[in-house]
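Examination of the molecular architecture
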Amino acid sequence: MAMHFVDPLAVLLKSDEMIDRFFAAQAMASLVCHGNGVINLAIANSGAIDGLLTLIGYLESKMPNLIALSEEFSLVGNPEQVVLDCLFQIDDVRVGSFARKTIPLLVDLLKPIPDRPGAPPYAVRLLTQIADGNNSNKLLMAEAGALEALSKYLSLSPQDLTEATISELLRILFTNPELLRYKQVINCMDQLVAVLHLGSRSARLSAARALSQLFDADNLRDLESSTQAIQPLADMLNATLECEQEAALSALLKLTLDSTLKVAMLAEVEGNPLHSLCKILSSAASWELKSDAAELCCVMFGNPRVREMPTASECIEPLILLMQSNQETAVESGICAFERLLDDDQQVEFTSDNDFVGMLVGLVSGSNYRLIEASISALIKLGKDRTPRKLDMVNAGIIDNCLDILPTAPNSLCSMIAELFRVLTNSSAISKSSAATKIIEPLFMVLIKKDFGLLGQHSALQALVNILEKPQSLSTLKLSPSQVIEPLISFLESPSQAIQQLGSELLSHLLAQEHFKKDITTKSAVTPLVQLAGIRILSLQQTAINALEKISLNWPKAVSDAGGIFELSKVIIQDEPLPSEALWESAASILSTLLQLNTEYYLDVPVVALVRMLRSSLDNTIKVALNALIVQEKADGSTAELMAEVGAIDALLDLLRSHRCEEASGRLLEALFNNSRVREMKASKYAIAPLAHYLLDPQTRSQSGRLLAALALGDLSQHEGLARATDSVYACQALVGLLVDQTKDEMQTVAICALQNFVVRSRTNRRAVAEAGGVSVIQELVQSPNAEVAAHASMLIKFLFSNHTLQEYVSNELIKSLTAALESELRSTSTVNEEVLRTIHVIFANFQKLHISEATTLCIPHLVTSLKLGTEAAQDSVLTILCLLRRSWSSMPLDVSKSQATIAADAIPTLQMLMKTCPPSFHERVETLLNSLPGCLTVIVNRASNLKQAMGGTNAYCRLVIGNGPARHTEVVSHNTSPEWKQGFTWAFDVPPKGQKLHIHCRSKSTFGKTSLGRVTIQIDKVMSEGVYSGVFSLCRETNKENKDAPSRTLEVEITWSNRTTSNEQHV
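Residues numbered from 1 in each chain as written. Predicted model: local features only at pLDDT ≥ 70, side-chain atom pairs only at ≥ 80, totals over all residues. Heavy atoms only, no water.

This next bit is on the pattern of salt bridges. Counted according to the given criterion, the structure contains 34 salt bridges. Residue D218 is joined to R221 by a salt bridge in which the shortest nitrogen-to-oxygen separation is 2.3 Å. Of the two residues, D218 and R221 both sit in helix α15 (residues 218-221), 3 residues apart, roughly one turn of that helix. Where K570 meets E567, a salt bridge forms, and the shortest distance between an N and an O atom there is 3.1 Å. With K570 and E567 both in helix α42 (residues 564-573) and 3 residues apart, this pair spans about one turn of that helix. Since its relative accessible area comes to 15%, E567 is described here as buried. Sharing partners across several salt bridges, the network here consists of K798, E834, E835 and R838. (Salt bridge = Lys/Arg side-chain N within 4 Å of Asp/Glu carboxyl O. Helix = DSSP H or I, 4+ residues; strand = E, 2+ residues; numbered from the N terminus. Buried < 20%, exposed > 50% of the residue type's maximum accessible area, 1.4 Å probe, protein only.)

Following the criterion strictly, the structure yields 3 aromatic pairs and no others. Considering the side-chain rings of F801 and F847, the 6.1 Å spacing of their centres and the 80° angle between planes classify their relative orientation as edge-to-face. Taken together, the residues F801 in the loop between α58 (787-800) and α59 (812-829) and F847 in the loop between α60 (834-846) and α61 (854-869) connect sequence positions 46 residues apart. Here the two residues F801 and F847 agree in accessibility, since each one is buried. The residue whose ring lies beneath R968 is W987, and the NZ or CZ to ring-centre distance is 5.3 Å. (Phe/Tyr/Trp six-rings, centres within 6.5 Å; stacked < 30°, edge-to-face > 60°. Lys NZ or Arg CZ within 6 Å of the ring centre and 35° of its normal.)

For the rest of this paragraph, the subject is the confidence of the model for the protein. Predicted coordinates in regions of low pLDDT should not be interpreted in detail. Mean pLDDT over the protein stands at 86; residues scoring 70 or higher make up 95%. The secondary-structure element of the protein with the lowest mean pLDDT is strand β9 (residues 1066-1067), recorded at 38, while strand β2 (residues 956-962) shows the highest, at 94. Below a pLDDT of 50 lies the segment residues 1062-1068, which in the model reaches 17 contacts outside its immediate sequence neighbourhood of four places, other chains included. (pLDDT = per-residue confidence, 0-100. Contact = heavy atoms within 4.5 Å.)

A disulfide bridge is the covalent bond that connects two cysteines by way of their sulfur atoms. Tallying each qualifying case throughout the model produces 0 disulfides. Left unpaired, C859 is separated from the closest cysteine sulfur, that of C883, by 15 Å. (Disulfide = S-S within 2.5 Å.)

With that settled, the discussion passes to helix α45 (residues 619-635). Each full turn of the α-helix corresponds to 3.6 residues, which orients residues three or four apart in the same direction. With 17 residues, α45 should reach 24 Å at 1.5 Å per residue; the first-to-last C-alpha distance of 24 Å fits that figure. Looking at α45, one finds that the buried residues are T621, I622, V624, A625, L626, A628, L629, I630, Q632 and E633. Turning to α45, the residues buried within the fold contact α43 (581-597), α44 (607-613), α46 (639-645), α47 (648-657) and α48 (662-673). (Expected span 1.5 Å × (residues − 1).)

This part covers helix α54 (residues 728-741). For α54, with 14 residues, the first-to-last C-alpha span of 20 Å sits near the 20 Å given by 1.5 Å per residue. Taken as a whole, α54 has its buried residues at S728, V729, A731, C732, A734, L735, V736, L738 and L739. Buried-residue contacts for α54 involve α51 (688-696), α52 (703-717), α53 (720-723), α55 (745-761), α56 (763-771) and α57 (774-782).

This next bit is on the sheet that holds strand β6 (residues 1009-1019). Reading across the sheet, the 4 strands line up as β3-β2-β5-β6 and stay open at both edges, with antiparallel pairing between neighbours. The sheet terminates laterally at β3 (968-969) and β6, the two strands that pair on one side only. One ladder, built from 10 bridges, connects strand β5 (residues 997-1006) with β6; its direction is antiparallel. Opposite K1005, over in β6, you have K1010 as the bridge partner. (Pairing = 2+ DSSP bridges.)

Before going further, it helps to spend a moment on the environment of L150. By the secondary structure assignment, L150 is in helix α11 (residues 146-155). Put simply, L150 and E163 are 13 residues apart on the chain and 9.8 Å apart in space, counted from C-alpha to C-alpha. Ignoring sequence-local partners within four residues, the contact set of L150 consists of L110, V124, I166, L169, L170 and L173.

We now examine unusual backbone geometry. A negative phi angle characterises most non-glycine residues, just as the trans form characterises most peptide bonds. Of note, the bond from E576 into P577 is cis; its omega dihedral lies within 30 degrees of zero at -5°. Structurally, P577 can be placed in the loop between α42 and α43. Despite not being glycine, C661 has its phi angle at roughly 50°, a positive value. Considering the arrangement of structural elements, one finds C661 in the loop between α47 and α48. The buried category is assigned to C661, whose relative accessible area is 16%. Although it is not a glycine, N946 adopts a positive phi angle of roughly 60°. Owing to a relative accessible area of 33%, N946 belongs among the partly exposed residues under this scheme.

Written out as structure tokens, the structure is:
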């Protein structure tokens, strides 16, 4: 029956008359109050809701008669609200089409209506009922403009109850995350913050809860206006009701999430919120509230200033009690806050008197990973630099607990466990214990986990380094090389330098075992290690090179193929940052090992790196570098300049000074100075004195080193500027000292040749040689049995006495030495030392006072022999010397000049021969000597013919006359017209009879007297140059009475000019 009234009543609710709508609502109120669900749904489906909404909120003054009637008949005062409240308790009405139609109408009622002031509060209440638990309705309200309407409503400062209701409605709406993206939310947040500041207690509670929902959104938390909520929320922490404290804690936790700025602002607000939190923790509040308080403490303890507050220390005890509770959430929050508080060293010290280790170790179990991570983190902070506490942790079983968790733990927890192991193994007592060895294999397994973070890798690697750097731990390692090295290779290529360093350091420790070095897997580590070696980060370079040093012997080619020679060379020449001495030496040692194993690599090493290696403290490194530099210099002479430019000369000189690798150093130094461009460099000038000091150093034992140093000085002396340098005096002194000490021909030759270059260019050097006793030493060497030494010594004497600088050192002994040298070689080899002859020439040319010496006279026979046996060059020198002496004879004492001339006359035959065969340049000197030397003229009268006389027989003889000298007669040959005498006559001349003639008068002797048979006159100049002049000469008849037709009378004569004399000689 009642169902029949529903539709008519719904029609009346749409009437324009208030009275119709009012009583229709009264009727529907009766139906819904006494009806059933079917009737209520029929009312909802009738469209009555729209009409009912038009009655909401009118003032009683607007319809006094209707109110009076209602009271008279005991009707409800607000029938429309009764109906709506009943209808919207039905689930089917609160959702679907009914809600979609009703929500916009209710939102419209939120706007202020002057004659309906009660509409907005009721609309808020009904919207709250509709929104609660239904996200779709919440979204419909937002789309209908509810957020903007509610924010404006709050801005009008409604009554406290309405303000609280609005805040609660906003809280409900904001439980739908989709609403937080609406722009109007910002206005809502501002109004809610205002409620926190000015609203009633209940309104503030609702506002705090609503803000807690808003602060789930990052964009809202980051708004500057959100910070205005901090102070009132902090004040709410002191409220007496747990619900208020809970709302404030929830909002503050979300507001300060990941914001150090807001945490700092919270710490600075009035009222000391940390003290409020401490009170909550110490109170009899619920575990849930205490958990939230501990969570906010954890957030605040992230601020260093908060941790330093005295109140922070007061929180320790209640936090410990919280951790000791049986409530897992409370324990988790308490340990998190406690762990964060331990970031302050003073707080750590404050807790040192309490034994928390056992409790914390006990918490490292189960599956609450946040709790476990916090516990481990607290243990890490408590154990840092506190070995006793670390030992307590190990004794309490922390290692076993962690190893139980490790296989299934997430990466973040694995990282935390690795860090704890790192801290524990920093203690030597723990790292070498048996407990530490249990860590090794699990850590290697953790390292190969996918997506294991860099921090975890760093901690795990460092823990492994701490353990495996101990030999006893390394020996217990059961993993195969491939199981260990393969994961380490990936760490060598890590983007983190610290991980690269630890990876290479760990690899270096592992390579202490021989089977690791030889394993083929190790070869794969070569390339990343080589790359790290050249990365110019000292710590990385040190660990990488330490590892390379251990495997370079086993895998040298791999190191080279990976660019090891280049990268190691970079380390050696690296200046920024400057490597430590140990790092530098290690790099140089590896490079020298590679070069030793394959000399083909010599040419691949930069010159500057090899030169730097000469500064090594290891002799082997220096030797290899020297050998490589020598090879490079031989292969390409231009590298000598580069070597000198990068400091090779100074390095080599230092090696000589310290008597290290002397032979190789000297050889390279000599090769450098043999380069003319190097001699032009400034460094060459400053090398003379060190080389000289090396030769003079009594500690110098290496004969090859001394030889090469002398050769180097010889090279330097070839440069005129260097030979004239001030330090060249020291070189001369050292070289003379070398000649004094040495008996080896090679050393003597080198030293003499070097001295030659020095003295030929500098008078100062000549004097230095003389003052060092060089003249006497060289005089002795002139007589050396080694022709080369003697020749060079002679040349040196020639240079020394090429002018009058050393005239006080000239002596007969000098000539005697040269003479002896000349004689010695003539006697031993039948050859002439040309250099000795040139030297004698120079000395006689510059020092005429020696001409009259006995030594000079004794020298002449050897000069004559040299003229006879010597080469053209030797003959040239002898001729010059003899001519020099000849010019002095006129000024000498007669006995000396005569003696010298007589001795020199032995050269006449040779001179005569030279006149026939010598080059034109000799003629003048030879002729001069022939015209100056005393000799003998020998005339041999052989026979005559046709001496028949007209009357009587012929008893012929010859009369010979030269100049004004006495006549010489042949024997008389009787009764023979063709007599043969073969009789010779000799005349000795102190001066050759140049221009004189030989007169021969042939006569016949009889009892009646002497008869002339004829005369012949012969010019004897020609015989002096030719030596022998012979022929058949026609005798000139003295009268014309003789028969002209008679045969011509002839006389055969042979004339000789030589130094030989006979018993018949006669001086003319």
